[in-house]
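Spelled out from the first residue to the last, the chains are:
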Amino acid sequence: MVRRTKEQALATRELLLDTAQQVFLEKGVARATLDDIARAAKVTRGAIYWHFRNKAELFAAMCDRVSLPMQAMLDPLMRETGPDPLGRLKRTTIMVLQLAAEDPRARDVFEIMFFKCDAGNPEIASVLSAEADNKRQCIKELKDSLDAAIAAGQLPAALDSGLAAEALNAFVAGLLQNWLARRDFDLAAQAPVLVDMLFQGFAGLTQTKRPPPSLA
């Protein structure tokens, strides 16, 4: 009996998270209420409070079910090692783009993060702050990976790895945002081509070091 009750509680929790995801997509996080979610899930508001203290906790739990864009890129960068840093970086970039295209849950949460969140909403501040921390760490890991690729002779020594890391981060975030807004091409299929274009640009650059500061 206890086991069945736990299973039912877990099932209700997943139902609430799935429903919240859809309500946030439709209304935006700021406009969606717990009453909206309870009605859509066909449960009482009390059932929500059994699992979550408030909308902020519900939103955070929904995001925790997937790796947010920067975390999705950071995790494999920190986990994978080997003698091919450039190949690792390419695979990671392709993986994040394909995750958004092929995983419905990740795609919806990415869309909510890009388009359905009010950055000034205190209910989502902790999640946005964590993603900002992930972004800073991700850019550092990208730079380290690019430095390793330069050291391995896979990229030109003149490449400014700091600027290239910023460009790669902007490429991933911008491409995801634009594709989620339009969805007018096959991102999963085209991700390897798009990533190759970017890295071919890096490989073709010979003078990308930042100029010295002006003394004027």
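Please read these numbers as outputs of a predicted model, since none were measured by experiment.

Scoring rules and cut-offs
Residues numbered from 1 in each chain as written. Predicted model: local features only at pLDDT ≥ 70, side-chain atom pairs only at ≥ 80, totals over all residues. Heavy atoms only, no water. Buried < 20%, exposed > 50% of the residue type's maximum accessible area, 1.4 Å probe, protein only. Helix = DSSP H or I, 4+ residues; strand = E, 2+ residues; numbered from the N terminus. Contact = heavy atoms within 4.5 Å. Salt bridge = Lys/Arg side-chain N within 4 Å of Asp/Glu carboxyl O. UniProt positions renumbered as here; feature names shortened; annotations may be inferred.

Peer 1: Where do I start with helix 4 (residues 55–64) in this structure?
Peer 2: With seven of its 10 residues buried, helix 4 lies for the most part within the structure. Among the residues of helix 4, Lys55, Leu58, Phe59, Ala60, Ala61, Met62 and Cys63 are the ones counted as buried.

Peer 1: What should I look at first to understand the side chain of threonine 92 in this one?
Peer 2: The topology assignment puts threonine 92 in helix 6 (residues 85–102). Note on threonine 92: relative accessible area 2%, which makes it buried. In this view, threonine 92 contacts Met73, Pro76 and Leu77; residues no more than four positions away in its chain are not counted.

Peer 1: What is the right way to read the pattern of salt bridges from this model?
Peer 2: Side chains that carry opposite charge are capable of pairing whenever their charged atoms lie near each other. Taken as a whole and assessed by the stated rule, the structure comprises 14 salt bridges. Note that lysine 27 and aspartate 36 form a salt bridge whose closest N and O atoms lie 3.2 Å from each other. Aspartate 144 serves as the salt-bridge partner of lysine 140, at 3.1 Å between the closest nitrogen and oxygen. Taken as a pair, lysine 140 and aspartate 144 lie in helix 8 (residues 125–151) at a separation of four residues, close to a single helical turn.

Peer 1: Sorry, what's going on with the UniProt feature "DNA-binding region" (unreviewed entry) in the protein here?
Peer 2: The residues that UniProt annotates with the feature "DNA-binding region" (unreviewed entry) are residues 33–52. Taken end to end, residues 33–52 is 75% helix and 0% strand, and its first and last C-alpha atoms sit 13 Å apart.

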